[in-house]
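Listed here are the chains, written in short residue letters.
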Amino acid sequence: MRRVLWLLVLVAEAAAVADAGVTSRYRRSLQILPDMPLDADVFRAPPGFNAPEQVHITQGDLTGRAMIVSWVTPKHAGSSVVRYGLAADDLSLAVEGSVQRYSFGGSYTSGYIHHAALTDLDYATTYHYAVGFGYAVRAFSFKTPPMPGPDVPFKFGLIGDLGQTFHSNDTLSHYEANGGDAVLFVGDLSYADAYPEHDNRRWDSWGRFSERVAAYQPWIWTAGNHELDYAPEIGENEPFKPFASRYPTPYAASGSTAPFWYSVKIASAHVIVLASYSAYGKYTPQWTWLEAELKRVNRSETPWLIVLVHSPWYNSNDYHYMEGETMRVQFEPWLVDAKADLVLAGHVHSYERTHRIVCNDDVAGGGATPTLNSSAPVYVTIGDGGNIEGLANQFRSPQPGYSAFREASFGHATLEIMNRTHAYYEWHRNDDGVKVVADKAWFTNRYWLPTDTN
C-alpha cells in the first residue's frame, strides 16, 4: 500500500511539473534594429555583367528526386539553362527552364526570374549545377534527400519571419553553423511590404541575402501574411504576386490546386504545408485537399507527420493572440485523429513550445479547454527569425498549462529525426553562442511510440 501511495505521489509531482511550464527569465534588449542598408555586403550583387543572383532551390516533386532551381538575371533574360552533374568539372546534363518578369506598383519591374526543374535525380546524391550561361556563369551544389523510409535520419532547420535586419543575419549565420539538410520555412520572408509601395527591391535584397544557404539546400516554403502584398491603393489586387513569381512549390505533385498548400516527403517525414491566408472553410479547395491528403499519409513509409502553418493555433502571447483560431477549429480534430507529431508556425515574433494538447471545444456549453492528449501534436511557434518589426514580448500571465517553454528572443531551431520512434529538437537563441541551446526536447513518434512526453 505504501508503495502504491509513493507511486501516486510521483505521478502527481510529474503532472504538476508538466503543467507548470517555463517562461524564460532570460532578458535581451528589446531594441528594434532596422533592416540592413541596401549597400550592405550581404546584399551585394555577384560580380560579372548580368550575373545570376538570388539563387535558391526547393524540392521539385513529392519524394525528393527533383529540385527546382530558381534565379534572377538583372539586365537581360540570358539563358534559362541549368547544367548539372555529379562533379563540378563534369556538368554533362542540362535542362532549360522558363523565364518571367512582373511589375509592381507602377514603379518597379523585376529582373528576369528563371525556374528550372531538375528531374530523375538519384536519392542521397550530391549534384553540382551552374547557371548564367552566355554572361557570368555561377556554380553551386546540393544533395538530394535520401529515399523516403521509416528509419532514415534527417536534420531539418526550422526558421520563420526572417526578414533582413542585423538580427536576421545572426539567425542565418547561426543556422549555417549548426547545420541541417533542408529548411522548413514557416512564412514571412522579405518584409518588403513594410516599405512605401511595398518596395520590391527588398525582395531582391532578401534573395541575395538568403542565397548563401538557399542555393545549397532545399527550403520548403510556407506563405505568411507578409507574402500577401495585396495593395489595391497602388493598383495591386493580386495576392502573393511577388512571392508566387519568385518562389515556386511542387504543389501539383501532391494533388494540390494552388502553390500555397501542398506536401512533400523528405526522408522519414511527411511534411504538409497549409495556407493561413487562403480559404480553408468547409468544401474549399484547401479543405478538400487536406482531407484527402491525410488519408494518403503512410506512417510505415514516413513515420513523422509534420505540419507547417503561418498563424499559430496555440499562442500565449498578446501579439496576434488567437488569430489562428478559426483554422485550428477547422483542422485540429483531423490532425489529432491522424496522430500528427509536430505543428510549426511563425507570425508571432517570439518563441514558444507547447505540450501535446487538444482543445475540447464546447461552444454551446460556453467553454473551450486545452487538455493534454498523447495523440496530439506539439505546437512550436518559431516566428523569431529577426525581422524589422521587433520582438513580441507581451506574454500572457499566468502562463497557461499547455505552454511548456516560451521566451521573447530571436533564434532558430533544428529537428533531427533519428529513426521511426525518436527525434531530437533544439532551439537556439541568437544572443548565445551557436552551440548553446536555450530549449531542447526529445519527441517520440505518435504512431510508433506514443509515449506520454508531457
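If you're wondering where the values come from, they're calculated on a predicted model, not measured in any experiment.

1. Brief notes about unusual backbone geometry
Here the amide bond leading from S397 into P398 is cis, since omega sits at 0°, within 30 degrees of zero. Structurally, the position occupied by P398 is in the loop between β21 (378-382) and β22 (403-407). Residues other than glycine seldom take positive phi values, yet Q54 does so here, at roughly 55°. By the secondary structure assignment, Q54 is in strand β2 (residues 53-59). One non-glycine residue, M322, lies in positive phi territory at about 65°. Structurally, the position occupied by M322 is in the loop between β17 (304-308) and α6 (325-337). Its relative accessible area of 45% is what places M322 among the partly exposed residues.

2. Section: the sheet that holds strand β5 (residues 93-96)
With respect to topology, four strands assemble into an open sheet ordered β5-β4-β10-β11, the strand pairing being antiparallel. Sheet topology places β5 and β11 (138-143) at the edges, where each strand pairs with a single neighbour. Adjacent strand axes in the sheet meet at a mean angle of 25°, parallel and antiparallel pairs treated alike. Judged from the four bridges that link them, strand β4 (residues 81-85) and β5 form a sheet pairing that is antiparallel. Across the sheet, residue V82 finds its bridge partner in β5, namely V95.

3. Thoughts on the pairing of strand β15 (residues 262-266)
With five of five residues buried, β15 is to be regarded as a mostly interior element. Sheet topology note: the β15/strand β16 (residues 269-273) ladder contains five bridges and is antiparallel. Following the sheet pairing, I266 is matched in β16 by A269. Counted along the chain from β15 to the antiparallel partner β16, the turn is two residues long, and its residue A267 has a positive phi close to 55°.

4. Quick word on the pattern of salt bridges
Across all of its chains, the model carries 15 salt bridges by this definition. In this structure, R328 and E325 form a salt bridge, with 2.7 Å as the shortest nitrogen-oxygen distance. On the criterion of helical spacing, the pair formed by R328 and E325 is a turn pair, its members being three residues apart in helix α6.

5. Description of the nonpolar core
Residues F156, W219, L274 and Y425 are the most contacted members of the largest nonpolar core, which totals 89 residues. Of all hydrophobic cores here, the second largest spans 16 residues; its members include V55, L121, V131 and F142.

6. Digging into the packing of helix α2 (residues 166-178) against helix α3 (residues 201-214)
In the contact formed by α2 and α3, the axes pass within 10 Å of each other and the chain directions differ by 10°. Taken together, the axis directions place α2 and α3 in an arrangement best described as roughly parallel. On α3, the residues that touch S168, N169, L172, S173, Y175 and E176 of α2 are F209, S210, R212 and V213. Residues belonging to the contact of α2 with α3 are distributed by class as follows: four nonpolar, four polar and two charged.

7. Re the environment of P46
Take P46: it is sitting in the loop between β1 (22-23) and β2. Taking relative accessible area as the criterion, P46 reaches 17% and is therefore assigned buried. Sequence separation between P46 and V99 is 53 residues; the distance between their C-alpha atoms is 20 Å. Excluding anything up to four places from it in sequence, P46 contacts A51, P52, E53 and R138.

8. So, α6
Over its 13 residues, α6 extends 18 Å from the first C-alpha to the last, a length consistent with the 18 Å expected when each residue adds 1.5 Å. Along α6, the helix axis deviates most sharply at F331, where the bend reaches about 45°; the proline P333 sits within four residues downstream. Buried residues of α6: M327, R328, F331, E332, L335 and V336, and no others. K339 lies just past α6 and shows a positive phi near 55°.

What counts as what
- The residue numbering used here restarts from 1 in each chain and proceeds along that chain's sequence as written.
- Selection of residues for local features in this predicted model requires a pLDDT of at least 70, selection of side-chain atom pairs for listing and counting requires 80 or more, and totals for whole chains, interfaces and linings are taken over all residues.
- Neither water nor hydrogens contribute to the side-chain values; these are computed over all heavy atoms in the structure.
- Put simply, DSSP marks the helices as runs of H or I at least four residues long and the strands as runs of E at least two long, and each gets a number from the N terminus on.
- Buried residues are those whose accessible area, probed at 1.4 Å on protein chains only, stays under 20% of the maximum for their type, while exposed residues exceed 50% and partly exposed ones sit between those limits.
- When DSSP finds two or more bridges between a pair of strands, those strands are recorded as paired.
- Simply put, an axis is a line fit to the C-alpha atoms, just over the touching stretch for a helix, and the angle between two N-to-C directions goes from 0 to 180 degrees.
- Salt bridges are defined by distance alone: a side-chain nitrogen of Lys or Arg within 4 Å of a carboxyl oxygen of Asp or Glu.
- Remark: nonpolar core denotes a set of buried residues (Ala, Val, Leu, Ile, Met, Phe, Trp, Tyr, Cys) joined through side-chain atoms within 4.5 Å.
- Here roughly perpendicular refers to angles of 65 to 115 degrees, roughly parallel to angles under 35, roughly antiparallel to angles over 145, and oblique to all remaining angles.
- Contacts were defined at the residue level, with two residues in contact if any of their heavy atoms lie within 4.5 Å.
- Asp, Glu, Lys and Arg are counted as charged, while Ala, Val, Leu, Ile, Met, Phe, Trp, Tyr, Cys and Pro are counted as nonpolar; the rest, among them Gly, fall into the polar class.
- How far a helix is expected to stretch is found by multiplying one less than its residue total by 1.5 Å.
- Note on bend: the value at a residue is the angle between axes fitted to the seven residues ending there and to the seven starting there.

Read these as geometric descriptors, not functional statements.
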